[in-house]
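# Structure assessment
One-letter residues, chain by chain:
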Amino acid sequence: MDFELNQDQLAFQDTARAFAAGEMAPHAARWDEESHFPLDVIAKAGELGFCGLYTPEEHGGLGLSRLDATVVFEELAVACPSTAAYLTIHNMVSWMIASWGTAELKAHWCEDLAAGRKIGSYCLTEPGSGSDAASLKTSARLEQGHYVLNGSKAFISGAGATDVLVVMARTGGEGAKGVSAIVVPANTPGISYGKKEVKMGWNSQPTRTISFDNVKVPASHLLGAEGEGFKFAMKGLDGGRINIATCSVGAAQAALNIAHAYMKERRQFNRPIADFQALQFKLADMQTELVAARQMVRLAACKLDAGSPNATTYCAMAKRLATDLGFKICNEALQLHGGYGYIRDYPLERYFRDVRVHQILEGTNEIMRVIIARHLLANDSNEDIR
């Protein structure tokens, strides 16, 4: 087992770190304050391949592994977890169309998506179906060679600013087997967007509801076959859980870096606060938990790359652990700053706000525990999870 990054991965890391430091970090606070969606920076990320990291090369992407992608996303999240998280969602959209779209869809969308010239939104959650995603109500009725969509989606990242939507809609009966995935151009007649949500964090990307009122798209916009949508959604979420876990790791690394520097600079009782053993122990725990989270995420990514039968469980474990620990580390870093951590002159309150939602989206951490426990209890022993 080799836990070191290879030369290619180190090169990806250096490129992502330089991009994040030059194009994202200087502007992240303003993006948050002004709720600005930095489309120009996303386009620049696309020029480096960061909008199609694991989209196959034949469809315009870099064709990297999920492990490679975690290295890039972590560095971007060090600068701005919110913008990095949107890029992970966009990557999922690009990969899904490249994986299951028709030749026509791939030709129309994939290269532009992978290059960041067009951007996408992933539409699964509805006002009445969050954790119980298989109960979604948005319908897609096949009529004369077209799907006609009706319903609504909630909490959709990028909505109102993106070019294409991957929509999970019901084409059949109740439950998961009745769900299909359909590609819908975002400006199709009959689509309307709700107000931009005012959120605690993730302010550098818009979040809106999307309503579909007799929205008509060609039947060729179906991904795969009817009834396969929920399976595709869950495959997307395996990678999505690794991605959002990685964003938590990046934010936690940034918070730890800031706390480390502050402890050496801040003086109380005529000495640097780094001299106090209680705070040294706190810093040591933060570092230990950060490394544990990062290694769990990378292990899950390796499982997914290898097509391991227990990859879904590992993705759930990584998401649960890294997002919980990422939030904890950001909170501890804020605490180390005292009152200064609570004001916007310092970036910690932004990291704290941005990572909180990671414990909710891509499946809540309670649902992650359900997935893990269900896998454990379905076997006579826990050997399959090792």
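Residues numbered from 1 in each chain as written. Predicted model: local features only at pLDDT ≥ 70, side-chain atom pairs only at ≥ 80, totals over all residues. Heavy atoms only, no water.

### Quick look at empty space enclosed by the protein
Taken as a whole and assessed by the stated rule, the structure comprises 1 cavity of 30 Å³ or more. Considering the residues around the largest cavity, the lining is formed by Thr-70, Glu-74, Thr-246, Val-249, Arg-294, Val-297 and Arg-298. Contributions of two or more residues to the lining of the largest cavity are made by helix 4 (66-79), helix 7 (229-265) and helix 8 (277-306). No other element matches the 3 residues that helix 8 contributes to the lining of the largest cavity. For the lining of the largest cavity, the class distribution of residues is 2 nonpolar, 2 polar and 3 charged. (1 Å grid on protein atoms, 1.4 Å probe; cavity = no way out; pocket = protein on both sides within 12 Å on 5 of 7 lines; lining within 4 Å. Points joined across faces, edges and corners; volume = space filled by probe spheres on them. Helix = DSSP H or I, 4+ residues; strand = E, 2+ residues; numbered from the N terminus. Nonpolar A, V, L, I, M, F, W, Y, C, P; charged D, E, K, R; others polar.)

### Section: the pairing of strand 7 (residues 207-218)
With 9 bridges connecting them, strand 3 (residues 146-157) and strand 7 associate as antiparallel partners. In the sheet register, Ile-156 faces strand 7, and the bridge partner there is Arg-208. In the sheet, strand 6 (residues 191-193) pairs with strand 7 via 3 bridges, with the strands oriented antiparallel. Looking at the pairing, Ser-192 lines up with Ser-211 of strand 7. (Pairing = 2+ DSSP bridges.)

### Quick notes on the state of the cysteines
A covalent bond between the sulfur atoms of two cysteines is what we call a disulfide. Per the stated rule, a full pass over the model turns up 0 disulfides. Unpaired in terms of disulfides, Cys-51 finds its nearest cysteine sulfur in Cys-110, a separation of 13 Å. Take Cys-51: its relative accessible area is 0%, and that puts it in the buried class. Of the cysteine sulfurs around Cys-247, a residue in no disulfide, the closest is that of Cys-80, at 9.6 Å. Of the residues examined, Cys-247 reaches a relative accessible area of 0% and is grouped as buried. (Disulfide = S-S within 2.5 Å. Buried < 20%, exposed > 50% of the residue type's maximum accessible area, 1.4 Å probe, protein only.)

### Structural notes on the packing of aromatic side chains
Under the criterion given, the structure shown has 9 aromatic pairs. Taken together, a centroid distance of 6.2 Å and an interplanar angle of 70° make the contact between Tyr-54 and Trp-95 edge-to-face. Here Trp-95 lies in helix 5 (residues 81-100) and Tyr-54 lies in the loop between helix 3 (39-47) and helix 4, a separation of 41 residues in the sequence. Judged by its relative accessible area of 7%, Tyr-54 is buried. A ring pair is formed by Phe-327 and Phe-352, whose centres lie 4.9 Å apart and whose planes are at 35°; its orientation type is tilted. (Phe/Tyr/Trp six-rings, centres within 6.5 Å; stacked < 30°, edge-to-face > 60°.)

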